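If you want the building blocks of each chain, they are given just below.
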Amino acid sequence: MDELTAFFTRVTNILPPAQAFVAALCFVLGIVLVLIGSRMMLITAEERSHAHHRRHGYWQALTYIVFGLLIISLDLTLSAWIASLYGADNTTASAASEIMAYAPEMLSPVAGAPGEAILIALVRVAQFIGLLAVVRGLFLCVKSADMPAQGLMGKGFIHMIAGIMAVDLPRTVGLFENLFFG
């Protein structure tokens, strides 16, 4: 059991730099999307003034700009989603170590030092995967501007909702415990 706990400790030590990398990458890619959207807006205005065939529309450019801004401010986007989904006053995601406080009855079989350590490590990994799902959902929404008939906007929102549920996994588990155990 000690080897498994040590393995999960090593895995969770990798997550903070990976989260910082994802945040920095989202900031840069968000700026690129805003610039692309601004360029599309200028091209659309130029094409309309010369009565050429429009390759881009204002909605496509506006989609790039809006979702680019959401990707730039990923922390605020996550806070807004958490406040919307959970109706919480505290809009920051719950720490992985709080999972036992949110669902003590449902998680009582893993109570104890090694079980809780492994559970907390698994929650941290799930929170990182949830962050990646939110980012993927935002990029699917951006891609929906290029291919509107593919249903990518709905898929993007589903990724974002599921990702937020994973980012705030302790609160999600607490909701399920209240649902099933009252």
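Rules behind the numbers
- Residues numbered from 1 in each chain as written.
- Predicted model: local features only at pLDDT ≥ 70, side-chain atom pairs only at ≥ 80, totals over all residues.
- Heavy atoms only, no water.
- Helix = DSSP H or I, 4+ residues; strand = E, 2+ residues; numbered from the N terminus.
- Expected span 1.5 Å × (residues − 1).
- Buried < 20%, exposed > 50% of the residue type's maximum accessible area, 1.4 Å probe, protein only.
- Phe/Tyr/Trp six-rings, centres within 6.5 Å; stacked < 30°, edge-to-face > 60°.
- Lys NZ or Arg CZ within 6 Å of the ring centre and 35° of its normal.
- Core = buried A, V, L, I, M, F, W, Y, C linked by side-chain atoms within 4.5 Å.
- Contact = heavy atoms within 4.5 Å.
- Axes fitted to C-alpha atoms, helices over the stretch in contact; angles between N-to-C directions.
- Parallel < 35°, antiparallel > 145°, perpendicular 65-115°, else oblique.
- Nonpolar A, V, L, I, M, F, W, Y, C, P; charged D, E, K, R; others polar.
- Salt bridge = Lys/Arg side-chain N within 4 Å of Asp/Glu carboxyl O.
- Disulfide = S-S within 2.5 Å.

A. Spotlight on helix H2 (residues 58–72). In this model H2 runs 21 Å from its N-terminal to its C-terminal C-alpha over 15 residues, within 8% of the 21 Å that 1.5 Å per residue would give. Buried within H2 we find Gln60, Ala61, Thr63, Tyr64, Ile65, Phe67, Gly68 and Ile71.

B. Examining the packing of aromatic side chains more closely. Summed over the entire model, instances satisfying the criterion amount to three aromatic pairs. Note on phenylalanine 7 and phenylalanine 8: the rings are 5.4 Å apart at their centroids and 65 degrees apart in plane angle, and the pair reads as edge-to-face. The exposure class assigned to phenylalanine 8 is buried, which follows from its relative accessible area of 14%. If you follow arginine 171 out to its NZ or CZ, it ends over the ring of tyrosine 86, 5.6 Å from the centre.

C. Highlighting the nonpolar core. Core analysis: the largest hydrophobic core is formed by 26 residues, its most contacted members being Leu74, Leu131, Val134, Leu138 and Ile164. Sorting the residues of this core by element identifies helix H1 (2–49), H2, helix H3 (74–86), helix H5 (113–143) and helix H6 (152–167) as the ones contributing at least two each. Not counting the four nearest positions on each side in its chain, isoleucine 164 is found in contact with Leu78, Trp81, Ile82, Leu85, Tyr86 and Val134.

D. Inspection of the environment of lysine 143 at higher detail. One can find lysine 143 in helix H5. Residues lysine 143 and alanine 61, spaced 82 residues apart in sequence, show a C-alpha to C-alpha distance of 11 Å.

E. Representation of the packing of H3 against H6 in the model. Contact geometry for H3 and H6: axes closest at 10 Å, N-to-C directions at 80 degrees. Compared by their axis directions, H3 and H6 come out roughly perpendicular. Counting all contacts with H3, which are made through Leu78, Trp81, Ile82, Leu85 and Tyr86, the residues of H6 involved are Phe157, Met160, Ile161, Ile164 and Met165. Broken down by class, the residue content of the contact of H3 with H6 amounts to 10 nonpolar, no polar and no charged.

F. Local environment of the pattern of salt bridges. Tallied over the full model, the rule gives two salt bridges. Note that arginine 171 and aspartate 168 form a salt bridge whose closest N and O atoms lie 3.4 Å from each other. Assessed through its relative accessible area of 10%, arginine 171 is described here as buried. The class of aspartate 168 is buried, set by a relative accessible area of 0%.

G. Representation of the side chain of threonine 12. Position of threonine 12 relative to the elements: it lies in helix H1. If sequence neighbours within four positions are ignored, threonine 12 has contacts with Ala121 and Arg124.

H. The environment of threonine 9, seen in detail. With respect to the secondary-structure elements, threonine 9 resides in helix H1. Sequence separation of threonine 9 and leucine 107 is 98 residues, and the distance between their C-alpha atoms is 20 Å.

I. Representation of the side chain of aspartate 168 within the structure. Tracing the backbone shows aspartate 168 in the loop between H6 and helix H7 (169–181). When residues no more than four places from it in sequence are discounted, the contact partners of aspartate 168 are Ile82, Tyr86, Thr92, Ala93 and Ser94.

J. Looking closely at the state of the cysteines. According to the stated counting rule, one finds zero disulfides in the structure shown. Distance from the sulfur of cysteine 26, which forms no disulfide, to the nearest cysteine sulfur (cysteine 141) is 14 Å. Overall, the relative accessible area of 3% leaves cysteine 26 in the buried class. On the basis of relative accessible area, cysteine 141 is assigned to the buried category, the value being 0%.

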